[in-house]
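Close look at the chain arrangement
Each chain, written out:
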Amino acid sequence: MTTSTTRIQLDTSQCQVMGILNITPDSFSDGGRWNNMDAALQHAHDMVAQGADIIDIGGESTRPGAQRVTAEEELQRVVPIVKELHAAGISVSVDTMRANVAAAAAAAGADLINDVSGGQADPDMRKVVADAELPYCIMHWETNRFGDAAGATYQGDNIAKVVRFELANLVDDALTAGIHEDNIVLDPGLGFAKTRDQDWELLRDLPLLNQLGYPVLVGASRKRFLGELLADAVPAHQDEPPAPTMRDSATAAISLLSALNDAWCVRVHDVPSTVSALAVARAWTLGRNPYRQE
Ligand code: PMM
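Note that the coordinates shown come from a computational prediction; the quantities given were computed from them, not determined experimentally.

1. A closer look at the site of the ligand
Taken together, the neighbourhood of the ligand is formed by 15 residues, with Asp95, Asn114, Asp187, Lys223 and Arg267 sitting nearest. Here Asp95 contributes a side-chain N or O atom positioned 2.8 Å from a nitrogen atom of the ligand. Residue His269 places a side-chain N or O atom 2.8 Å away from an oxygen atom belonging to the ligand. About the coverage of the ligand: the protein hides 97% of its 420 Å² of free accessible area. For the shell around the ligand, the residue count by class is six nonpolar, five polar and four charged.

Now the structure itself:
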């Protein structure tokens, strides 16, 4: 076993905002919008100006039923933008399940590898991340169900305890591969082979995940469990889930509650609403405006 060091220090002083930049034609809420390089770069810069701490670049959609793109296609989509944003001094995360994409992204200046398979999709991923000495987000997605986001096979169990147990095993695998413990981030994988109620249970039981002692990332933005809730709760939606872009207030509420439950980071499409919510959380917690010294 090799033990790597850390190259980048995770900022754990306050809840971080990860702005989503999907360079994909088919992601569920922003597919096709940021396909061209200029539009993608502009959107990344806009999100930073709005208060994003990290930009998460994804070159492959994980929506249910999405076709996997080839590694070459993913590399072409992701690497040039990582280079540009790194050169501009912006912190960049790369959302990939492929070791060769992670290696190329690390060489291009990525600051974090975000792997929705938690290291299970590509046998070389953990070694690449260990060698790159980068923070690594291990998301929970039931083994062998990559590409299948609907439904869950865990019936009747406390989902948070199941997820905690399985994430703990993935952490062991990551540590054994030489990834430094300070580089590990955990994510419950909301919407990934979970029922809608299991997504809510996982959020309610977020403190159980914190017990593992690693920073926790929450990715709820615009997801279907929010759409379903709003269809039932808001008369104007008349039992029809609002479009993904109409779910940003609910996402911001999740961001606020995540911060109050010690989440390290929230991954969102709409940065301004989450930044406002987190500012409120900070002021509420401190009992003053945290941005003024008076
Ligand atoms: N969700 C999506 C993609 N990547 N990464 C992490 N760490 N956590 C998530 O919940 C997550 C993710 C799917 O949503 P998108 O298509 O809007 O990016």
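2. Section: helix H10 (residues 271-286)
In this model H10 runs 22 Å from its N-terminal to its C-terminal C-alpha over 16 residues, within 8% of the 22 Å that 1.5 Å per residue would give. Listed as buried for H10 are Val271, Thr274, Ala277, Leu278, Ala281 and Arg282. Taken end-on, H10 shows its buried residues confined to a sector of 140°, consistent with a single buried face. Those residues of H10 that are buried are in contact with strand E1 (16-22), helix H1 (37-49), helix H9 (248-260) and strand E8 (265-268). Note on H10: the residue one or two positions beyond its end, Gly287, has a positive phi of about 75°.

Cut-offs and rules
- Residues numbered from 1 in each chain as written.
- Predicted model: local features only at pLDDT ≥ 70, side-chain atom pairs only at ≥ 80, totals over all residues.
- Heavy atoms only, no water.
- Near = heavy atom within 4 Å.
- Polar contact = N/O pair within 3.5 Å; in protein donor to acceptor, adjacent residues only side chain to side chain.
- Areas by Shrake-Rupley, 256 points an atom, 1.4 Å probe, with all protein chains shown as cover.
- Nonpolar A, V, L, I, M, F, W, Y, C, P; charged D, E, K, R; others polar.
- Helix = DSSP H or I, 4+ residues; strand = E, 2+ residues; numbered from the N terminus.
- Expected span 1.5 Å × (residues − 1).
- Buried < 20%, exposed > 50% of the residue type's maximum accessible area, 1.4 Å probe, protein only.
- Arc of directions from axis to C-beta.
- Contact = heavy atoms within 4.5 Å.

That is the geometry; function is a separate question.
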